[in-house]
Amino acid sequence: MTVKKLAIGMPSNGLCEARTAFSLLSATLSIPNVEILPLLSLGCYVHHNRDRIVNLAVDNNCTHLMFVDSDMLFGADAINRLIAHNVDIVGARYNKKVDGQISTVAGEFTGLKEVPFVPTGFLLINCDVFKKIGKPYFSFEDGAESEDMYFSQKAIANGYKVYCD
């Protein structure tokens with residue numbers, strides 16, 4: 001499905017790094033022929049913020065939702081790169097917030113790869129996915145380690161493939 005209307009959602013506790021804002025501005029200026037809807041959800045519970053953003057994206061007839069966490073740094077072509085894969089769920093790998101460089105996605109690979117989990121810090125999702133998997137989209141239910149692990153598992157259980165670049 002072609003990206004026609006892209007919601008860019010940022011769940012936040014109220015702060016956003018200046019470098020994230022600059023990365024986001026640079027990236028959105030390079031997305032051709034796509035209507036962009038910025039969405040912000042403030043609160044202390046990230047899974048509630050993500051669900052609110054999904055609801056807003058769906059209610060505003062967005063074809064896709066791009067989650068960008070408030071501390072992400074990325075190049076101007078990063079969102080376009082995810083869009084170009086033309087898959088329902090695709091995210092980028094990045095390092096965890098720990099000492100050393102430990103990736104959020106296990107294994108060594110370059111390019112696009114199907115994975116059992118992808119973090120939501122920089123994630124593009126076709127909004128049709130949400131209509132099929134149902135609420136809640138993000139949760140810590142069912143013993144999920146994180147809200148994004150919950151989403152990946154739920155999407156896969158509903159027949160979707162999850163990719164990482």
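What counts, and where the lines are drawn
- Residues numbered from 1 in each chain as written.
- Predicted model: local features only at pLDDT ≥ 70, side-chain atom pairs only at ≥ 80, totals over all residues.
- Heavy atoms only, no water.
- Pairing = 2+ DSSP bridges.
- Helix = DSSP H or I, 4+ residues; strand = E, 2+ residues; numbered from the N terminus.
- Right-handed = clockwise from strand over helix to strand, strands pointing away.
- Polar contact = N/O pair within 3.5 Å; in protein donor to acceptor, adjacent residues only side chain to side chain.
- Contact = heavy atoms within 4.5 Å.
- Core = buried A, V, L, I, M, F, W, Y, C linked by side-chain atoms within 4.5 Å.
- Buried < 20%, exposed > 50% of the residue type's maximum accessible area, 1.4 Å probe, protein only.
- Expected span 1.5 Å × (residues − 1).
- pLDDT = per-residue confidence, 0-100.
- Phe/Tyr/Trp six-rings, centres within 6.5 Å; stacked < 30°, edge-to-face > 60°.
- Lys NZ or Arg CZ within 6 Å of the ring centre and 35° of its normal.

A.B. asks: How would you sum up the pairing of strand β2 (residues 35-42)? Please name residues and give values.
C.D. replies: For strand β1 (residues 5-12) and β2, the ladder comprises 8 bridges, and the chain directions are parallel. What sits directly across from Gly9, in β2, is Leu39. Between β1 and its parallel partner β2, the chain crosses via helix α1 (residues 18-29), and the hand of that crossover is right-handed.

A.B. asks: Describe the side chain of Ser139, with residues and values.
C.D. replies: The residue Ser139 is located in the loop between α4 (128-133) and α5 (147-157) in this model. From its side chain, Ser139 meets the backbone nitrogen of Glu141 in a polar contact 2.9 Å long. Contacts of Ser139, omitting those with residues within four sequence positions, involve His47, Ala144, Ser146, Glu147 and Tyr150.

A.B. asks: Please set out the nonpolar core residue by residue, giving values where relevant.
C.D. replies: Judged by nonpolar contacts, the single largest core of 24 residues is most densely connected at Leu65, Ile89, Ile125, Phe130 and Phe151. Sorting the residues of this core by element identifies α2 (46-59), β3 (64-68), β6 (122-126), α4 and α5 as the ones contributing at least two each. Beyond its immediate sequence surroundings of up to four residues, Phe151 is in contact with Ile89, Leu123, Ile125, Val129, Phe130, Ile133, Tyr137 and Phe138. Leu24, Val34, Ala92 and Leu124 belong to the second-largest nonpolar core, a separate cluster that totals 22 residues.

A.B. asks: So what's going on with unusual backbone geometry? Which residues, and what values?
C.D. replies: A cis geometry characterises the amide bond from Lys135 onward to Pro136, with omega recorded as -10°. The topology assignment puts Pro136 in the loop between α4 and α5. For Asn61, which is not a glycine, the phi torsion comes out positive at approximately 55°. Along the polypeptide, Asn61 turns up in the loop between α2 and β3. The exposure class assigned to Asn61 is exposed, which follows from its relative accessible area of 62%.

A.B. asks: Requested: an account of α2, with residues and values cited.
C.D. replies: Taking 1.5 Å as the rise per residue, α2 with 14 residues should run 20 Å; its terminal C-alpha atoms sit 20 Å apart, in good agreement. When we look at burial in α2, the residues that qualify are His47, Asn49, Arg50, Asp51, Ile53, Val54 and Ala57. Those residues of α2 that are buried are in contact with β1, β2, β3, α4 and α5. Just downstream of α2 lies Asn61, where phi reads positive at about 55°.

A.B. asks: For the confidence of the model for the chain, give the residues involved together with the corresponding values.
C.D. replies: If pLDDT is low for a region, its predicted coordinates should not be looked at in detail. Across the chain, the average pLDDT comes to 90, with 90% of residues at 70 or higher. Averaged pLDDT values for the elements of the chain fall to 91 in strand β5 (residues 113-114) and rise to 98 in β3.

A.B. asks: Can you explain the packing of aromatic side chains? Please cite residues and give values.
C.D. replies: Remark: the centre distance and the inter-plane angle together describe each pair of aromatic rings, the angle taken between the planes. Summed over the entire model, instances satisfying the criterion amount to 5 aromatic pairs. An angle of 50° between the planes, with centres 4.6 Å apart, marks the rings of Phe74 and Phe122 as tilted. In this pair, Phe74 is assigned in the loop between β3 and α3 (78-84) and Phe122 in strand β6, connecting sequence segments 48 residues apart. Judged by its relative accessible area of 14%, Phe74 is buried. Taken together through their ring pairs, the aromatic side chains of Phe67, Phe130, Tyr137, Phe138 and Phe151 make up a single cluster. Positioned over the ring face of Phe67 is Arg50, at 5.0 Å from the centre of the ring. The positively charged end of Lys132 is found above the aromatic ring belonging to Tyr160, 5.3 Å away from the centroid.

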